[in-house]
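# Summary of the model geometry
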Amino acid sequence: MTSVDPGTACRVKDLPVAERRDDAWRMLADKGEVAPMADGLAVTGLAGVKEMLREPNRFSAKMVFDGVESGYPLIPLGYDPPEQTRYRRILQPFFSPRRIRPLEESLRAQAVDLIESAKARGGCEFVADIADPFPAQGLLTLLGLPLEEREQFIACKTAALALTADAAGEVPLTDEERAAATARTMATAGYLMELIRTRRAQPGDDILSEILAIDGDDRLSDAEAMGLCVMLILAGLETVTDALSMAMERLATAPERRKELAADPSLVPAAVEELLRLDPPAPFLPRVTTEDVEVAGCPVSAGTLVNAHLTTANRDEATWPSPHDIDFHRSENPHTTFGVGVHRCLGAHLARLEMQILFEEWHRRIPEYAIAEGTAHRARLVRANIGMESLHLTF
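To start, this report covers the structure provided alongside it. Since this is a predicted model, take the numbers as computed values, not measurements.

## Brief notes about the packing of aromatic side chains
The full count for this structure, using the stated rule, is five aromatic pairs. Geometrically, the ring pair formed by Trp362 and Phe395 is edge-to-face, given 5.5 Å between the ring centres and 85 degrees between the ring planes. With Trp362 in helix H16 (residues 348-365) and Phe395 in the segment after strand S12 (392-394), the pair connects residues that are 33 residues apart, well separated along the chain. What makes Trp362 buried here is its relative accessible area of 0%. Aromatic rings pair up to connect Phe126, Trp362, Tyr369 and Phe395 into one cluster. Stacked on the ring of Tyr369, the Lys or Arg Arg258 has its end atom at 5.4 Å from the ring centre.

Structure follows, in structure tokens:
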């Protein structure tokens, strides 16, 4: 059976992810379809990634999340079938295209306001000014909450990620920083619990109220509803922020593709898929094997941490000719960025809508932009999330 030798195997963060993430993913793919790494076995090939993500009972997500201290059941991502199947069945209708599409008018107006404000200044720090606030406002719109709560949600997300990185020993916090981050997450948890109680007693015209109104065997407890809200904040906000920031950095450093997109807005949906293919904001999905298995012909012992690497799976040459190039005219783009199988991203339709709106309105108003001279544009990998640390743009 396959084992990992921490003394010889490298970690993903040892690769040149910060400045040369394309090179980092090439280097990872060169290690083979299944490669021992110090931070878990890496499955890099498209076939192997699909194989493991389509078999949740042999490759468990729950066993990964069992070690996450949240205080609430992280639904639906932190469960395997049959529990995950129930949660998915309950929640899927509320995140379908039919339910998400009515949000478009409000989201588009919000995007325009953010972009016009940046345009008036002649430049922006894209992460702080656009990529952080826009998905936060999208979540608030989904939950029927005032946009004035935006900074609280962003601060909670940032604090939770910092605590997670601290617990893993990746980015240690001082005692003062840890206490402040804990206080921030607890304050937001209190806000959400009170919101759940209020919405049960006085339902509003929003998706959360509808979910809380479900009765019978499908009724969610307060703890389950809290787990859903926590997952929406942690998974929904950070992934869209990271996807937007990496996509914009890629466009800003590829002027021909930027001009192509500005000249033909009809390319935006295809461009979003291509940019998501190249830069999955959750670059790998961790699973733990529940039994002795084989992945891409490689034997793997039960209890092994196995990471499905979407960045390399999305660059399979048999599926994507010239896989490292940006091409908005691919006839098909079956990327794995939103996952595969039962754990496919619940918020994929909302994420796509937000990205399409943002890039349509941005390129309509700011077709010419570049990275500000002398500023860094580094990616930062925190746990299983990757995005830009900052992105200073001039117009």
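Moving on from the coordinates now.
## Some details on the sheet that holds strand S2 (residues 41-43)
One open sheet accounts for five strands, arranged S1-S2-S8-S5-S3; its pairing is mixed. For this open sheet the edge positions go to strand S1 (34-35) and strand S3 (59-60), each flanked by a neighbour on one side alone. Bridge count for S3 against strand S5 (residues 284-289) is two bridges, and the pairing is antiparallel. Bridge pairing links Ser60 to Val288 in S5. Of the strands in this sheet, S2, S3, S5 and strand S8 (305-309) touch helix H2 (residues 46-53), which is tilted by about 125 degrees from S8.

## Here we look at the layout of surface pockets
Empty space among the atoms becomes apparent when a probe as large as a water molecule is rolled across them. When its volume is computed, the second largest pocket comes out at roughly 310 Å³. Looking at the lining of the second largest pocket, the elements with two or more residues in it are helix H9 (150-167), helix H12 (222-252), strand S10 (379-382) and strand S11 (385-388). Examining the composition of the lining of the second largest pocket, we find that five residues originate from one element, H9, more than from any other.

## Examining the packing of helix H6 (residues 104-121) against helix H8 (residues 133-143)
Between H6 and H8, the least distance of the axes is 10 Å, while the angle of their chain directions is 150 degrees. Between H6 and H8, the angle falls in the class roughly antiparallel. With respect to the hand of their crossing, H6 and H8 are arranged in right-handed fashion. Counted together, Ser106, Leu107, Gln110, Ala111 and Leu114 of H6 and Pro133, Phe134, Gln137, Gly138 and Thr141 of H8 form the full contact between these two elements.

About the cut-offs
- Residues numbered from 1 in each chain as written.
- Predicted model: local features only at pLDDT ≥ 70, side-chain atom pairs only at ≥ 80, totals over all residues.
- Heavy atoms only, no water.
- Phe/Tyr/Trp six-rings, centres within 6.5 Å; stacked < 30°, edge-to-face > 60°.
- Helix = DSSP H or I, 4+ residues; strand = E, 2+ residues; numbered from the N terminus.
- Buried < 20%, exposed > 50% of the residue type's maximum accessible area, 1.4 Å probe, protein only.
- Lys NZ or Arg CZ within 6 Å of the ring centre and 35° of its normal.
- Pairing = 2+ DSSP bridges.
- Contact = heavy atoms within 4.5 Å.
- Axes fitted to C-alpha atoms, helices over the stretch in contact; angles between N-to-C directions.
- 1 Å grid on protein atoms, 1.4 Å probe; cavity = no way out; pocket = protein on both sides within 12 Å on 5 of 7 lines; lining within 4 Å.
- Points joined across faces, edges and corners; volume = space filled by probe spheres on them.
- Parallel < 35°, antiparallel > 145°, perpendicular 65-115°, else oblique.
- Left-handed = near helix turned anticlockwise from the far one by under 90°.

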